[in-house]
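# A look at the structure
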Amino acid sequence: MPTSNDGIMIILSSPSGAGKTTLVNLLAKKNNYEISISHTTRKPRPKEIIGKDYHFVSDHEFKRLINNEEFLEYAKVFNNYYGTSRTPVIDKLNKGKNILFDIDWQGADQIKNKQLDFKLITFFILPPSKEILYDRLSNRDMKDKLIAEERMKQFGRDVLHWINYNYVVINDDLESCYNKINNLINAEMNDGSKDYDSEYIRKHVENLTS
Ligand code: 5GP
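Reading the values: the criteria
Residues numbered from 1 in each chain as written. Predicted model: local features only at pLDDT ≥ 70, side-chain atom pairs only at ≥ 80, totals over all residues. Heavy atoms only, no water. Pairing = 2+ DSSP bridges. Helix = DSSP H or I, 4+ residues; strand = E, 2+ residues; numbered from the N terminus. Contact = heavy atoms within 4.5 Å. Axes fitted to C-alpha atoms, helices over the stretch in contact; angles between N-to-C directions. Near = heavy atom within 4 Å. Polar contact = N/O pair within 3.5 Å; in protein donor to acceptor, adjacent residues only side chain to side chain. Areas by Shrake-Rupley, 256 points an atom, 1.4 Å probe, with all protein chains shown as cover. Nonpolar A, V, L, I, M, F, W, Y, C, P; charged D, E, K, R; others polar. Buried < 20%, exposed > 50% of the residue type's maximum accessible area, 1.4 Å probe, protein only. Phe/Tyr/Trp six-rings, centres within 6.5 Å; stacked < 30°, edge-to-face > 60°.

## As for the sheet that holds strand E5 (residues 71–77)
The four strands are arranged E4-E3-E6-E5 in an open sheet whose pairing can be described as mixed. With one partner strand each, in any of the chains shown, strand E4 (55–56) and E5 form the two edges of the open sheet. When strand E3 (residues 39–40) meets strand E6 (residues 80–85), the two strands line up antiparallel, connected through two bridges. Residue His-39 lies in a different strand from E6, and its bridge partner there is Gly-83. Set on the sheet, helix H2 (residues 59–67) makes contact with E3, E5 and E6; between it and E5 the angle comes to about 140 degrees.

## Digging into the site of the ligand
The full set close to the ligand counts 15 residues, and Lys-20, Ser-38, Arg-42, Tyr-54 and Tyr-82 are the nearest of them. Glu-73 places a side-chain nitrogen or oxygen 2.8 Å from a nitrogen atom of the ligand. In the environment of the ligand, an oxygen atom lies 2.4 Å from a nitrogen or oxygen atom belonging to the side chain of Tyr-82. Burial of the ligand by the protein amounts to 88% of the accessible area it has alone, namely 510 Å². At the level of secondary structure, the elements contributing two or more residues to the shell around the ligand comprise E5 and E6. In the shell around the ligand, the residues fall into five nonpolar, four polar and six charged.

## Some details on the pairing of strand E1 (residues 9–13)
Burial analysis of E1 places five of its five residues in the buried class, which makes it a mostly covered element. In the sheet, E1 pairs with strand E7 (residues 99–102) via four bridges, with the strands oriented parallel. By the bridge assignment, Ile-10 is partnered in E7 with Leu-100. Bridge analysis of E1 against strand E8 (residues 120–126) gives five bridges, and the strand direction is parallel. Pairing of Leu-12 across the sheet is with Phe-123, part of E8.

## Here we look at the packing of aromatic side chains
Applying the stated criterion across every chain, the model contains nine aromatic pairs. Ring centres of Tyr-167 and Tyr-196 lie 5.0 Å apart, and the angle between their planes is 80 degrees; on these two criteria the pair is classed as edge-to-face. On the criterion of sequence distance, the pair formed by Tyr-167 in strand E9 (residues 167–170) and Tyr-196 in the loop between helix H7 (174–190) and helix H8 (198–209) is long-range, its members being 29 residues apart. Relative accessible area serves as the criterion here: at 27%, Tyr-196 is assigned to the partly exposed category. Through a chain of ring-to-ring contacts, the aromatic side chains of Phe-62, Phe-71, Tyr-74 and Tyr-81 assemble into a single cluster.

And the structure:
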């Protein structure tokens, strides 16, 4: 059983384009939560900082970490490997730190199935509509349009995993989405009442997938 001195695990997942990374950073900053820094075989993007955004490693190093059983979870996402190393996360949770995980549904499933001795709350972030998502994913030139269409197809597959999360939150406006997540975390931590309309969410997913 988790004790009140232990930290809690908060997972945020979403299909591409729902604005999850901004939310994770806002939650960490405003609440002093720690963000779990993943390992990845993906190459760094121009503004990314090594060791802050990710630990960037080679395929060979990633395989070594898998073989050494150093990952709490790992998965292949868009042709690259991503994984959460166990020791830093568990050490921080034992010290009472709350940890945020920006990981995909495969990683969320693995952590959930581990049934660790720490409280776990999982969130799936969705865009307000298919049209808004398409706008967020596309740019003006044709090449970007093709990429956006490919991502829309991927969205259709990813969205199906909403059912495995504790809460689904719609990112219509950053501040209000942050508040919804924050209120749900606080309600979970204090056994308070939860402002959550699961029927509304079910209908929203139906609209997104129709
Ligand atoms: P990006 O390459 O855009 O930073 O991330 C691509 C996807 O990989 C995102 O959905 C992100 O949440 C997911 N991801 C990042 N780190 C991890 C991780 O450690 N494990 C898993 N399973 N997914 C991750």
